[in-house]
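Spelled out from the first residue to the last, the chains are:
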Amino acid sequence: MSEKVITIERLKSLVDRYSVVNSSGYDPDVLLNTLLDSIKCVVDCEVAFLLVSIPETGDFKIDICSGKSNPELKKFVIEKNSAAGWVAKHNESLVVNDVLSDSRINKSFLEKVNNKIKRILGFPLMVNGSCIAVIELINKAGEKDFTEEDLALVDIFGHQASIAYQNALSLKKSKEQ
C-alpha cells in the first residue's frame, strides 16, 4: 500500500478513543473489550472480532466480538488457512475489499455466515514481538471499502494497544505473585 495519510478529525478520534482504552484499567480482558469497541468506532465498521489461536491446531476462534453479530459465531473455528492465519504468520496488517476474489479468505467460513462478510481489515495484536491475536474488522459502514487511512489508524492504534495490553498483563502477573 502507498503512503498513509490521516485526516485531523480521524486522528483526534483515535486519540480520544485511545484515552478510553488507557482509562479502562489494567484488567487485560476489560482492556481488550474496550480496544475492540474503540477500533470499531474509529474505523466505522459493522463488526470487530478478536481472534485467538488454538495452540493444538493453529486454527482460530472468536474470543471477543464487538458489534452486531450472531452469538453462534463464537462456536466456529476459523482455519489457519485464512486471512487471520495470514496476518498472524506475516505479522502484517491486511486489507481485503473483495473477499470472494482473495485466496487468503476461508470460503467455508463465509458460507457459515451466509456470505455477509464483504470486506476485511485484519491486523496483529503483538506482545513481545509475537502475534498473540488477530483483530479483524468486518464490513466498513455504508458498504465502503477500507482505505489507506483506515489501515494507518489501525496500525497506530494497534501498536499502542499492544503496549497497553502488554503492560496490563505484566501488572496482572505481578499482582498474582
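Now for a look at the structure at hand. (Residues numbered from 1 in each chain as written. Predicted model: local features only at pLDDT ≥ 70, side-chain atom pairs only at ≥ 80, totals over all residues. Heavy atoms only, no water.)

Here we look at helix α5 (residues 148–176)
Helical periodicity: at 3.6 residues per turn, an α-helix aligns residues three or four positions apart in one direction.
1) Next: Given a rise of 1.5 Å per residue, 29 residues ought to cover 42 Å, and the 41 Å separating the end C-alpha atoms of α5 matches this to within 8%.
2) Next: N-cap assignment for α5: the residue whose side-chain oxygen lies 3.3 Å from the backbone N of E149 is T147. (Helix = DSSP H or I, 4+ residues; strand = E, 2+ residues; numbered from the N terminus. Expected span 1.5 Å × (residues − 1). Polar contact = N/O pair within 3.5 Å; in protein donor to acceptor, adjacent residues only side chain to side chain.)

Let's talk about empty space enclosed by the protein
1) Next: Considering all chains together, one arrives at 1 cavity of 30 Å³ or more under this definition.
2) Next: Considered as a void within the structure, the largest cavity measures approximately 130 Å³ in volume.
3) Next: Forming the boundary of the largest cavity are 15 residues, of which I78, N106, F109, I120 and E136 lie nearest the centre.
4) Next: Of all the secondary structure elements, the ones that give two or more residues to the lining of the largest cavity are β1 (45–53), α3 (83–90), α4 (107–112) and β6 (130–140).
5) Next: Classifying every residue of the lining of the largest cavity by side-chain character gives 12 nonpolar, 2 polar and 1 charged. (1 Å grid on protein atoms, 1.4 Å probe; cavity = no way out; pocket = protein on both sides within 12 Å on 5 of 7 lines; lining within 4 Å. Points joined across faces, edges and corners; volume = space filled by probe spheres on them. Nonpolar A, V, L, I, M, F, W, Y, C, P; charged D, E, K, R; others polar.)

Topic: the side chain of S82
1) Next: Along the chain, S82 turns up in the loop between β3 (77–78) and α3.
2) Next: With residues near it in sequence (within four places) discarded, S82 still touches R104 and N106. (Contact = heavy atoms within 4.5 Å.)

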